[in-house]
Amino acid sequence: MEILLFGITKDIVGNDTLHLGDNASIRTVSDLRKWLLAKYPAMGELRSLAIAVDNRFAEDSDPVHPAAELALIPPVSGG
Amino acid sequence: MLIRIVDHIDLNEAYEYLQSPTAGAVNLFIGTVRNQSNDKQVVQLSFETYHSMALKQMEKLALEAQEKWKLDKVVILHVEGEKKVGEPVVLIGVSSAHRQASFEACRFLIDELKETVPIWKKEFFEDKSVWVNAHP
């Protein structure tokens, strides 16, 4: 699994993508969030952190498919 | 609707698109780069977009506006890349038969864009750079 990173999450990870490998314990958006916060505590200090699955804001209970396009959405600031 | 992420905002293109024989009102909102943030001098700005999702989200907002109000045409343009003070960075345009619908829809669109469209602004000061709104 690969996650696209934007804005400050790119700075936190030090890359524009994050590879999860075959992490079988990550089945839902909620699992992914817990894994991220454990590995990158700085993400917990953000105002918010949404996760997008296939270009849509995902709910915590949504499944994470290996083929899906995953992305981290830190607080947006367009306009 | 005309929904785009662009290098530069073209006001004429937006206005031409919005014109319609049935429209008695054309409302344009243009957001520009301010020279200050929290009393500090901004030297430059940079916008990053999650291109595919940002376009889908802007399209979704335009459809919502068309459901809420009777509109002729809707334009949403947002820049990406580096911008200097004074440059336009976002344009919302709405045309409608009467002015009230276009005023209200225009405000709805810019307010929602700022909350829900995956675009990020980085402000560059003399001594550092900051992702806007990232931290509480």
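Quick notes on the rules
Residues numbered from 1 in each chain as written. Chains lettered and ligands numbered in written order. Predicted model: local features only at pLDDT ≥ 70, side-chain atom pairs only at ≥ 80, totals over all residues. Helix = DSSP H or I, 4+ residues; strand = E, 2+ residues; numbered from the N terminus. Rg over C-alpha atoms; globule rule 2.2 N^0.38 Å. Buried ≥ 20, exposed ≤ 12 C-beta atoms within 10 Å, placed from the backbone. Pairing = 2+ DSSP bridges. Axes fitted to C-alpha atoms, helices over the stretch in contact; angles between N-to-C directions. Core = buried A, V, L, I, M, F, W, Y, C linked by C-beta atoms within 7 Å. Contact = placed C-beta atoms within 7 Å. Parallel < 35°, antiparallel > 145°, perpendicular 65-115°, else oblique. Left-handed = near helix turned anticlockwise from the far one by under 90°. Nonpolar A, V, L, I, M, F, W, Y, C, P; charged D, E, K, R; others polar.

We now examine the overall build of chain B. From N to C terminus, chain B includes three helices and ten strands. The order of helices and strands in chain B, counted from the N terminus, is β-α-β-β-β-β-α-β-β-β-α-β-β. Against the compact-globule benchmark of 14 Å for 136 residues, chain B has a radius of gyration of 16 Å, which places it among compact chains. Across the 136 residues that make up chain B, the buried fraction comes to 38%.

This part is about the sheet that holds strand β5 (residues 44-49) of chain B. Residues and elements named next belong to chain B. What the four strands build is an open sheet, ordered β7-β5-β9-β10; its pairing is antiparallel. Each of the sheet's edge strands pairs with one partner strand only, and the pair in question is β7 (81-83) and β10 (129-131). Pairwise comparison of adjacent strand axes, ignoring direction, gives a mean angle of 25 degrees for this sheet. For β5 and β7, the ladder comprises three bridges, and the chain directions are antiparallel.

Membership of the largest hydrophobic core comes to 54 residues, with the highest contact counts inside it found for Ile51 and Ala71 of chain A together with Ile76, Ile92, Leu109 and Leu113 of chain B. Look past the residues within four positions of alanine 71 of chain A in its chain and what remains in contact with it is Ile3, Leu4, Phe6 and Ala52 of chain A together with Tyr50 and Met53 of chain B.

Moving on: unusual backbone geometry. Residue and element names in this part refer to chain B. A positive phi angle, close to 50 degrees, is found at asparagine 38, a residue other than glycine. Secondary-structure assignment places asparagine 38 in the loop between β3 (36-37) and β4 (40-41). On the basis of neighbour count, asparagine 38 is assigned to the exposed category, with 8 C-beta atoms found within 10 Å.

All names here are of chain B. Mapping methionine 1 onto the fold places it in the segment before β1 (2-6). Sequence separation between methionine 1 and leucine 63 is 62 residues; the distance between their C-alpha atoms is 8.8 Å. With residues near it in sequence (within four places) discarded, methionine 1 still touches Glu59, Ala62, Lys73 and Val74.

Attention now goes to the packing of helix α2 (residues 51-68) of chain B against helix α3 (residues 99-116) of chain B. Residue and element names in this part refer to chain B. It is at 10 Å that the axes of α2 and α3 come closest, and there the two elements cross at 150 degrees. Here α2 is positioned roughly antiparallel relative to α3, judged by the angle of their axes. The handedness of the crossing between α2 and α3 is right-handed. Residues Gln57, Met58, Leu61 and Ala65 of α2 form the contact with α3, whose participating residues are Ala105, Phe108, Leu109, Glu112, Leu113 and Thr116. In terms of residue class, the contact of α2 with α3 is made up of seven nonpolar, two polar and one charged.

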